[in-house]
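Topology and contacts: notes
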Amino acid sequence: MPRFLALALVLALALPLFFDQSWLLAYFAQTATLIVFALSYNLLLGDTGLLSFGHAVYSGLGAFAAAHVFNRYGVPLPLLPVIGGCAAMLVAIVFGAISTQRAGTAFAMITLGIGELVAACVWLVPGWFGGEGGVTIDRASGPSFFAWSFGPLREAYALIACWCVVAALAMFAFSRTPMCRLANAVRDNPARAAAIGFAPARVRFTMLVGSAFFAGIAGVLSLINVELVSSEGVGLARSTSVLVATVIGGTGAFFGPVIGAVLLTFFSVAVASVSAAWPMYLGLFFVWVVIAAPEGVAGLLRRDARSLCFGALGAMVWGVAVVVPVEALYAGRIDVRAWLIALPCALLGLWLARRTRAAR
Amino acid sequence: MLQWFCVSLLNGVSVGLLLFMLSAGLTLIFSMLGVLNFAHASFYMLGAYVGQALAAYGGFWFGLIVAPIVVGMAGALFERLLLRRVHARGALGQMLLTFGAAIVIGEGVKLAWGLGPLPAAIPPVLDGPLFTLYDASFARYRVFMMSIAVLMLGALWLVLRISKTGLVVRAALTHPATVETLGHDVPRVFTMVFAIGTALAALGGVIGAPLAVIEPAMADAMGPIVFVVVVIGGLGSLGGALVASLLIGCVQTFAVGASASAGSIAASLGVTLPPAWSALTVAQLAPVLPYLVLVAMLAARPRGLFGERTHDA
């Protein structure tokens, strides 16, 4: 299954190179960036059990550092993600020394505080962070790589896709190392891990630094795609979007975050273009995943066919029950017909949920 | 100087008490259910909106009393119908659920009341200055706010200390299994505590709204500060939350009024800063200061002011 998914991912990433539509390339580049970002986030959430609300700090600051290095020293563009990753690691060494002293709830709150601190500092020092406009690069200005200048989006996308595959492979290899198994042990039973001689805080710190490296790579991939890094890149909104993508995809399987990233970018482009209520649907879907499918979409796919059918049907019925009244509310009129559709659907959804639980 | 100090201190204490109304509920919920309610600031915002809507219907006092009840019931429903279903899965699932609830409440507020800011009216009785202190007037509304906060928290403390319900709640905090064996319905106590915590947050929203505007971003502005307060005070410690609330309230108010700059402070310490940094005034740094205090506190004392030593270290 993982091998099949990996092949599908590589083929899908290669697809837009043959069409050469700029919107398609930009969309796929965004997806590839979020895939790397979500996979790096899952090294924390899935493997170490650390819920972070400040992961964008590492990707954003890595991208800022890479943008400055690129503008000042003219580093070849294909090597830029490494620089961003190393810068993010340095940031993680500083902040991680504070945050990884604690786990669980306290860790989540500390990362939230650090995230807000960095986001506020970006506004305080406009000289380095570029204030409102951010820091821009011209990706064609670096030394060219054989015949490629990376000016056209197609060449830049090829670079992003290659880095996406390389980073995903590296993270897959990392998730099979003894280090990652230790992180799993710290997640499941920190007292026991400490008893056999591995300090949990140290393991958490190492995992955070490793995860920050890949987050920095993701930040630079986004920088290569849009040629801009601004205060949004370190903000809370970006941190929460990667959290949502990872949880929706599923933290239990390695490929879960990939599915989540693909779904989130697809729906954020497709649904946001037709409905203003898109964040509402995302929030409700997130709540549904947390309650009804804690293993995420990847976990749903692994269930047997019968409960999968029930689950899909239930989700669809709930979807109708939610979408109809929300759209009616947004349109500014509360219609009796909307409730006539929504209420039976909600009741049917409740009944289906009960059936599924009874069947399990 | 003395005048500025006194007024800033009073303002700081009033902001701190407002913060404590939120952090008290958050701390109670955390120590009881083991979950840091990420949607707490959203219930605060919901309280402000519902209070405004009710005030337009039946006057300020009607909104002040009814809005916390309405939001508290919404909180109870949330705990009973959703949060309880993920309780067995541990802190991570619960925190994710409350995070999702924060998104949904934030979007729901936009759906129901629109994106624009709403004004919050102050009743004429509470408008105007109450007293002047060294030629500076102090607003009547702030005194009202402080007294409501002190009254509510005093009542909460009394209920927890004296009444039998309070005894059950305090026992359920530390020994839920034993309390259940003695025949008390611990899950119902959980629901009640969650309802009271969210009602307190909503009350904070109703009385805090006239100091700012009611807008969909108010939860995002308030939430991180309240979490900072709770972590600085030590997770699960009510006394710590009180001290940290007053500390953060005063730090923010004093910083806004201060005229020193980072460069002059660094110069008095014998350090020179790069020009980009030294031009920053303390007033500009005010939004960052709570987080700086948080980082400094955690570097020095990872468990917070009055927090207990945890097992995850």
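Parameters and conventions
- Residues numbered from 1 in each chain as written.
- Chains lettered and ligands numbered in written order.
- Predicted model: local features only at pLDDT ≥ 70, side-chain atom pairs only at ≥ 80, totals over all residues.
- Helix = DSSP H or I, 4+ residues; strand = E, 2+ residues; numbered from the N terminus.
- Rg over C-alpha atoms; globule rule 2.2 N^0.38 Å.
- Buried ≥ 20, exposed ≤ 12 C-beta atoms within 10 Å, placed from the backbone.
- Contact = placed C-beta atoms within 7 Å.
- Nonpolar A, V, L, I, M, F, W, Y, C, P; charged D, E, K, R; others polar.
- Domains from an automatic or database assignment.
- Expected span 1.5 Å × (residues − 1).
- Core = buried A, V, L, I, M, F, W, Y, C linked by C-beta atoms within 7 Å.
- UniProt positions renumbered as here; feature names shortened; annotations may be inferred.
- Axes fitted to C-alpha atoms, helices over the stretch in contact; angles between N-to-C directions.
- Parallel < 35°, antiparallel > 145°, perpendicular 65-115°, else oblique.
- Left-handed = near helix turned anticlockwise from the far one by under 90°.

This next bit is on the overall build of chain B. Within chain B one finds 14 helices and 2 strands. Rg of the C-alpha trace for chain B: 21 Å, near the compact-globule value of 20 Å for 313 residues, within the 12% margin. Dimensions of chain B, computed from the C-alpha atoms along their principal axes, are close to 65 × 50 × 40 Å. Looking at chain B residue by residue over its 313 residues, the buried ones come to 45%. Long-range pairs, those at least 24 residues apart, make up 73% of the contacts in chain B with a sequence separation of at least 6.

Moving on, we get to the overall build of chain A. Across its full length, chain A carries 16 helices and 2 strands. In summary, chain A has a C-alpha radius of gyration of 22 Å against a globular reference of 21 Å for 360 residues, a match within 12%. Over its C-alpha atoms, taken along the principal directions, chain A stretches across nearly 65 × 55 × 45 Å. Per-residue burial over chain A gives 48% buried out of 360 residues. Looking at chain A alone, contacts between residues at least 24 apart form 78% of all its contacts between residues at least 6 apart.

All names here are of chain A. Note that Arg337 resides in helix H16 (residues 336-359). Judged by the 9 C-beta atoms lying within 10 Å of it, Arg337 is exposed. In sequence terms Arg337 and Ser231 are 106 residues apart; their C-alpha atoms lie 45 Å from each other.

Turning next to the interface of chain A and chain B. Between chain A and chain B, the residue contacts involve 41 residues of the former and 38 residues of the latter. Of all elements in the fold, only helix H5 (104-124), helix H6 (126-129), helix H9 (190-195), helix H10 (200-226), helix H13 (278-292) and helix H15 (305-330) of chain A reach the threshold of two or more residues within the side of chain A that touches chain B. Looking at the side of chain A that touches chain B element by element, the count peaks at 14 residues for H5 of chain A. In the side of chain A that touches chain B, the residues fall into 32 nonpolar, 7 polar and 2 charged.

Attention now goes to the domain arrangement of chain A. By a widely used convention, the size of an interface equals the accessible area lost when the partners come together. Residue and element names in this part refer to chain A. Partitioning chain A into domains gives domain 1 (2-270) and domain 2 (276-360). With centres defined by C-alpha atoms, the gap from domain 1 to domain 2 works out at 31 Å. Elements supplying a minimum of two residues to the side of domain 1 that touches domain 2: helix H11 (236-249) and helix H12 (256-270). For the side of domain 1 that touches domain 2, a count of residues per class yields 7 nonpolar, 6 polar and no charged.

Another point: helix H1 (residues 2-33) of chain B. Between the first and last C-alpha of H1 of chain B there are 45 Å, a value that for 32 residues agrees with the 46 Å anticipated at 1.5 Å per step. Of the residues trailing H1 of chain B, Gly34 of chain B is marked for its positive phi of about 70°.

This part is about the nonpolar core. Residue and element names in this part refer to chain A. In terms of nonpolar packing, the biggest core is built from 202 residues, with Val36, Ile160 and Cys164 touching the most fellow members. Counting only domains with at least three residues in this core, you end up with domain 1 (2-270) and domain 2 (276-360). Once residues lying within four places of it in the same chain are set aside, the contact partners of Ile160 are Ala29, Ala32, Thr33, Leu221, Ile224 and Asn225.

It is worth spelling out the UniProt feature "transmembrane region" (unreviewed entry) in chain A at this point. Residues annotated by UniProt as "transmembrane region" (unreviewed entry) correspond here to residues 24-44, 56-73, 79-98, 105-125, 156-174, 205-224, 236-254 and 308-330 of chain A. Across residues 308-330 of chain A, the secondary structure splits into 100% helix and 0% strand, with the terminal C-alpha atoms separated by 32 Å.

Packed helices, taken two at a time, are described by their axes: the angle between them and the distance between them. Residues and elements named next belong to chain A. Where helix H2 (residues 22-45) contacts helix H7 (residues 153-174), the two axes come as close as 10 Å, and the packing angle between them is 20°. Put simply, H2 runs roughly parallel to H7. Of the two possible hands of crossing, H2 and H7 adopt the one that is left-handed. Here Ser22, Leu25, Ala26, Phe28, Ala29, Ala32, Thr33, Ile35, Val36, Leu39, Ser40 and Leu43 of H2 come into contact with H7, specifically with Leu153, Arg154, Tyr157, Ile160, Ala161, Cys164, Ala167, Ala168 and Met171. Its residues assigned to classes, the contact of H2 with H7 shows 17 nonpolar, 3 polar and 1 charged.

On to the packing of helix H3 (residues 60-86) of chain B against helix H4 (residues 91-113) of chain B, then. Residues and elements named next belong to chain B. The geometry of H3 relative to H4 is characterised by a closest axis approach of 8 Å and an angle of 140° between their N-to-C directions. One finds that H3 runs oblique with respect to H4. The hand of the H3/H4 crossing is right-handed. Contacts between H3 and H4 involve Phe78, Leu82, Leu83 and Val86 on the former and, on the latter, Gly93, Gln94, Leu97 and Ala101. Of the residues contributing to the contact of H3 with H4, the split by class is 6 nonpolar, 2 polar and no charged.

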